[in-house]
Amino acid sequence: MSNHLFDAIRTAAPGDAPFIRTAEGRTWTYNNALALSGRIASAIDTLGVRPGDRVAVQVDKSAEALILYLACVRSGAIYLPLNTAYTLAELDYFFGNAEPRLVVVSSVMRESVETIARPHGAVVETLNADGTGSLLDLAKDERDDFVDASRSADDLAAILYTSGTTGRSKGAMLTHDNLLSNALTLRDYWRVTADDRLIHALPIFHTHGLFVATNVTLLAGASMFLLPKFDPDEILSLMPKATMMMGVPTFYVRLLHNPRLNRDTASNMRLFISGSAPLLAETHIEFKSRTGHAILERYGMTETNMNTSNPYEGERIAGTVGFPLPGVTVRVTDPATGTELTAEETGMIEVKGPNVFKGYWRMPEKTAAEFTSDGFFISGDLGKIDGQGYVHIVGRSKDLVISGGYNIYPKEVEGEIDQLDGVAESAVIGVQHPDFGEAVTAIVVCKPDAVLDEKAILGALQDRLARYKQPKRIIFVEDLPRNTMGKVQKNVLRQKYSDLYATT
Ligand code: MCA
Ligand code: AMP
């Protein structure tokens, strides 16, 4: 029987060579990691998870958590990672929509998560940051030699929820081949080999840390330093032993604030990669002058994995996201007519290739609305392709804020604020922020005679929205600016408050 993604991972695995080195000093060889993935796959099977069933996972970062992802791929289950910042209210939506058979959380969360997961038909097991928990207890007595479930290129490997412009989050369905084809392309494009040692400080519930960082490492037979979170000092201490790092722009901004970052500390490094949000040209230029390294910026989406990348050899141009990856077609069209534009003209970025997802889970209309009749995915990003073929992202047609690499859809935050007593209406915008790139900021109009302040609104949002979605500031105004059609002019608000965080 063949399992499209896992067969490739197994074939690339270099036996007793290291796969993961943890911050506590533990090394997981490929053999050890694959053996544990077999035991966990057996445990999942014993719990009644069948190929095609969803396994929802909201756990802290650990080697065991990555191995659980591998176990799901082997068992044919659909892996559904969830941001550890999500509140119970948010989880309830995901469980209702995805109907997972199994939910894995940390032990402290078990009781509260059980109350919302059980009504949706899920069993709950635990996995903690230190690798303990009921799932691993169950796996202990299972056999290593699990017979992998048969999975074809087109079968689902994962569902990742992305926030929606118009309402609740949508589950992007990613197939075995979406993940495998993109990881193989990136491995070759970035020249990743078994000699590479990656600094992995990203969360593992998004495409960047889970698929780009982890699948590329696995398919190269390389190894990673797995850090629980981003910590500039720890990263600088690891650089002399590492060869690569992947990060969001905030990583690079924070590293530049650290006086230990210089040519010496970075001399062993081969490649620094940035993505998930725009890297300011000034960050690129400053990093190069401090370390001698030109950060390689690439562009992706949850729905498409990676689309473009600056070259490994050749010029990495600040402010661009490079060339379409081999096998991926990127075009720019007129958003009004859909006509393809020529070089240097700005329009909608559209993408087609083996990297592009299968659609949104149980949302056929939303899926259809985001594809053109000739099969291109409409990204919602505005950009151009210059005369040399480099793709530039110049803006977004979707109303989206990207803060520290996390996406926040204003509509969701506005919906929560508008429900509060005393609020007449609100507009949520992204305001330029020196650390997070953009900061979620709410402009609120109160009802006459309502007594509301910033603290009251933020307090009311605590249990409703994940921390990173909560506004960094609330501004009270008499009215929101509107155009002649009555639409709130967010560009006017963004302009008006552009200096709000200038001194943060
Ligand atoms: C933490 N906070 C945030 C964020 N992260 N607020 C807004 N935006 C954020 N990104 C909150 C914390 O809860 C805390 O709140 C306060 O801000 C300060 O926390 P701090 O200690 O500074 O945060 P941190 O723990 O250092 O985290 C910052 C971070 C982290 C390292 C930038 O957010 C991060 O790892 N981001 C990476 C996201 C990522 O992987 N994105 C990829 C998505 P308080 O103190 O008030 O409690 S995949 C994707 O986009 C596509 C496919 C692609 O192309 O890759
Ligand atoms: P997500 O929904 O988390 O997959 O985020 C995808 C979005 O992040 C894209 O549609 C872009 O708007 C943005 N993005 C990712 N990489 C870059 C980049 N290198 N530069 C600018 N925006 C980016």
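Reading the values: the criteria
Residues numbered from 1 in each chain as written. Chains lettered and ligands numbered in written order. Predicted model: local features only at pLDDT ≥ 70, side-chain atom pairs only at ≥ 80, totals over all residues. Heavy atoms only, no water. Near = heavy atom within 4 Å. Polar contact = N/O pair within 3.5 Å; in protein donor to acceptor, adjacent residues only side chain to side chain. Areas by Shrake-Rupley, 256 points an atom, 1.4 Å probe, with all protein chains shown as cover. Helix = DSSP H or I, 4+ residues; strand = E, 2+ residues; numbered from the N terminus. Nonpolar A, V, L, I, M, F, W, Y, C, P; charged D, E, K, R; others polar. Salt bridge = Lys/Arg side-chain N within 4 Å of Asp/Glu carboxyl O.

## Observations regarding the site of ligand 1
Taken together, 25 residues are adjacent to ligand 1, and R254, S276, R298, S403 and R467 come closest. Here an oxygen atom of ligand 1 sits 2.7 Å away from a polar atom, N or O, in the side chain of R254. Separating an oxygen atom of ligand 1 from a side-chain N or O atom of R467 is a distance of 2.5 Å. Here ligand 1, which alone exposes 1000 Å², has 75% of that area covered by the protein. Among the elements of the structure, α8 (207-220), α10 (249-256) and β13 (296-301) are those that each provide at least two residues to the shell around ligand 1. Taken together, the residues that form the shell around ligand 1 break down as 10 nonpolar, 10 polar and 5 charged.

## Considerations on the pattern of salt bridges
This structure, assessed with the given rule, holds 30 salt bridges. Of the charged contacts in the structure, one is a salt bridge between E350 and R331, with a shortest N-O distance of 2.8 Å. Pair noted here: E350 is in strand β17 (residues 347-352) and R331 is in strand β16 (residues 329-333), with a separation of 19 residues, a long-range link. The residue K490 makes a salt bridge to D399 at a minimum N-O spacing of 2.8 Å. One end of the pair, K490, is in helix α15 (residues 490-496); the other, D399, is in the loop between β20 (391-396) and β21 (401-403), and 91 residues separate them in sequence. Within this structure, R110, E114, R118 and E125 form a network of salt bridges that share partners.

## Thoughts on the site of ligand 2
Neighbouring residues of ligand 2: 16 residues in total, closest R298, T302, D381, K398 and N407. Here a nitrogen atom of ligand 2 sits 2.9 Å away from a polar atom, N or O, in the side chain of E297. A distance of 2.7 Å separates a nitrogen atom of ligand 2 from a polar backbone atom of R298. Calculation on ligand 2 without its partners gives an accessible area of 500 Å², and the protein chains cover 91% of this total. When residues of the shell around ligand 2 are traced back to their parent elements, those giving at least two are β13 and β20. Ranked by residue count, the leading element in the shell around ligand 2 is β13, at 5 residues.

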